Amino acid sequence: SNTLPDDLHDGMTLSISSDLEDVAVYIDGTLRNTYGSESLPNIGFYPPSAYIFTELSSQDAGKSIRLEYTTKKTTGKFEEIYIGNGNNAWFDIISNNITEMVAAILMICIGLFSIIFYYIFNWKFSANRSVLFLGQTIMMLGIWVLSESRLRQLLFSSPSLSMIFCYLSLEILAVYVLFYFDEIQSGVYHKIYIILETLCLGQL
C-alpha cells in the first residue's frame, strides 16, 4: 500500500511487472486493473510474466493505491514500479532488455545463415547435415529467447499466445539438439536418439 503522487495528470500510466503472479491494482479502494489466471482466458495455473499498465488521471492524485500479488511459487518477486506519460515506461523496459533482444536476433540470423549455407553447399557438394541441425538449433534457441524475453509483449498480441509459443519452441529446440548430436556421433546411438526424439515430438 502507498499513496499516489500529487502531481498526476490525465494520460499518465502506472506500470508494474508480474513474475508468474496474479496481480490486482486498487486505487482508492476500487479495483482498477487485474492480471492473472482467473482474468485471462486459456492461461492455466501460471500466468506468463508480463508488464501491467493501469491508466491514471488527475483525479487519482494523492489517493491511496494498493497492489495485491498472489504468488504461486516458493518465492515472490517485486520489481520497480513506473509512473509516466502514456507508454513512456516502455523506454526504460526496452533499454534494460535490449541486450537480450539483440543477442536473440543475432542467434536467429546465425542459424538462418547456417541453414542457407548448408543447402547452397549441398547443391554442389555433399554437405554434412550437422551444419543444418546446428543452424536449426541456434535459430530455435534465438526464437525461444525472444519468446521468453521481457519484451515479448511487443511481439505477441496476447499473453496466452506468447506462453504457448514459448513452450512449443522449447520442445522443438530439444528435437533439433537430438538431431545434431545423433549426426555428429555418426549414428552410434541412433536407436536411443530415435526413442528420445519420438518422446519429444509426442510431448510437443
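Summary of the structure given here.

What counts, and at which threshold
Residues numbered from 1 in each chain as written. Predicted model: local features only at pLDDT ≥ 70, side-chain atom pairs only at ≥ 80, totals over all residues. Heavy atoms only, no water. Patch = residues over 30% accessible without salt bridge, like charges linked within 9 Å, V, L, I, M, F, W, Y side chains within 5 Å. Areas by Shrake-Rupley, 256 points an atom, 1.4 Å probe, with all protein chains shown as cover. Salt bridge = Lys/Arg side-chain N within 4 Å of Asp/Glu carboxyl O. Helix = DSSP H or I, 4+ residues; strand = E, 2+ residues; numbered from the N terminus. Buried < 20%, exposed > 50% of the residue type's maximum accessible area, 1.4 Å probe, protein only. Contact = heavy atoms within 4.5 Å. Pairing = 2+ DSSP bridges. Polar contact = N/O pair within 3.5 Å; in protein donor to acceptor, adjacent residues only side chain to side chain. Expected span 1.5 Å × (residues − 1). Axes fitted to C-alpha atoms, helices over the stretch in contact; angles between N-to-C directions.

Attention now goes to a nonpolar patch on the surface. A contiguous nonpolar patch, built from Val188, Tyr189, Ile192, Ile195, Leu196 and Leu199 and spanning about 610 Å² of accessible area, is present on the exposed surface. Structurally, Ile192 is set in helix α4 (residues 190–203).

A word on the pattern of salt bridges. Under the definition given, this model contains 4 salt bridges. Residue Asp60 pairs with Arg32 through a salt bridge whose shortest N-O separation is 3.1 Å. Of this pair, Asp60 sits in the loop between β5 (50–56) and β6 (64–71) while Arg32 sits in strand β4 (residues 30–35), placing them 28 residues apart in sequence. Taking the relative accessible area as the measure of exposure, Arg32 reaches 36% and is therefore partly exposed. Here Arg66 and Glu68 are joined by a salt bridge, their closest N and O atoms 3.1 Å apart.

Here Gly62 is to be found in the loop between β5 and β6. Separated by 58 residues in sequence, Gly62 and Leu4 have C-alpha atoms that sit 4.9 Å apart. When neighbours within four sequence positions are excluded, Gly62 is seen to be in contact with Thr3, Leu4, Pro5 and Asp6.

Our focus in this paragraph is unusual backbone geometry. Across residues other than glycine, the phi torsion is negative in most instances, and most of the peptide bonds are trans. The residue Asp28 is not glycine, and still its phi comes out positive at about 55 degrees. Among the structural elements, Asp28 can be located in the loop between β3 (21–27) and β4. A positive phi angle, close to 55 degrees, is found at Ser186, a residue other than glycine.

Okay, the sheet that holds β3 next. Taken together, the 4 strands give an open sheet; going across it, the order is β1-β6-β3-β4, and neighbouring strands pair in antiparallel fashion. In the strand order of this sheet, the two ends are held by β1 (2–3) and β4, each with one partner. Across 2 bridges, β1 lies against β6 in antiparallel orientation. Across the sheet, the residue bridging to Asn2 is Ile65, located in β6.

So, about the side chain of Asp60. With a relative accessible area of 4%, Asp60 lands in the buried category. At a separation of 3.1 Å, a polar atom in the side chain of Asp60 contacts the side chain of Arg32. Residue contacts for Asp60: discarding those within four places in its chain leaves Leu4, Leu8, Ile27, Arg32 and Glu55.

To continue, consider helix α3 (residues 159–184). At 3.6 residues per turn, the α-helix brings residues three or four places apart onto the same side. The end-to-end C-alpha separation of α3 is 38 Å, in line with the 38 Å expected for 26 residues at 1.5 Å each. Looking only at α3, the buried set comprises Ser160, Ser162, Met163, Cys166, Ser169, Glu171, Leu173, Val175, Tyr176, Leu178 and Asp182. Downstream of α3 by a residue or two, Ser186 has a phi angle that is positive, lying close to 55 degrees.

What follows is about the sheet that holds β5. Strand order in the open sheet formed by 3 strands is β5-β2-β7, with antiparallel pairing between adjacent strands. In the strand order of this sheet, the two ends are held by β5 and β7 (82–85), each with one partner. The mean angle between the axes of side-by-side strands here comes to 30 degrees, regardless of whether they run parallel or antiparallel. As defined by bridge partners, strand β2 (residues 12–18) adjoins β5 across 7 bridges and the pair is classed as antiparallel. Looking at β5, one finds that Thr13 is bridged to Glu55. Sheet strands in contact with helix α1 (residues 89–124) are β2, β5 and β7, and its direction is about 160 degrees off that of β5.

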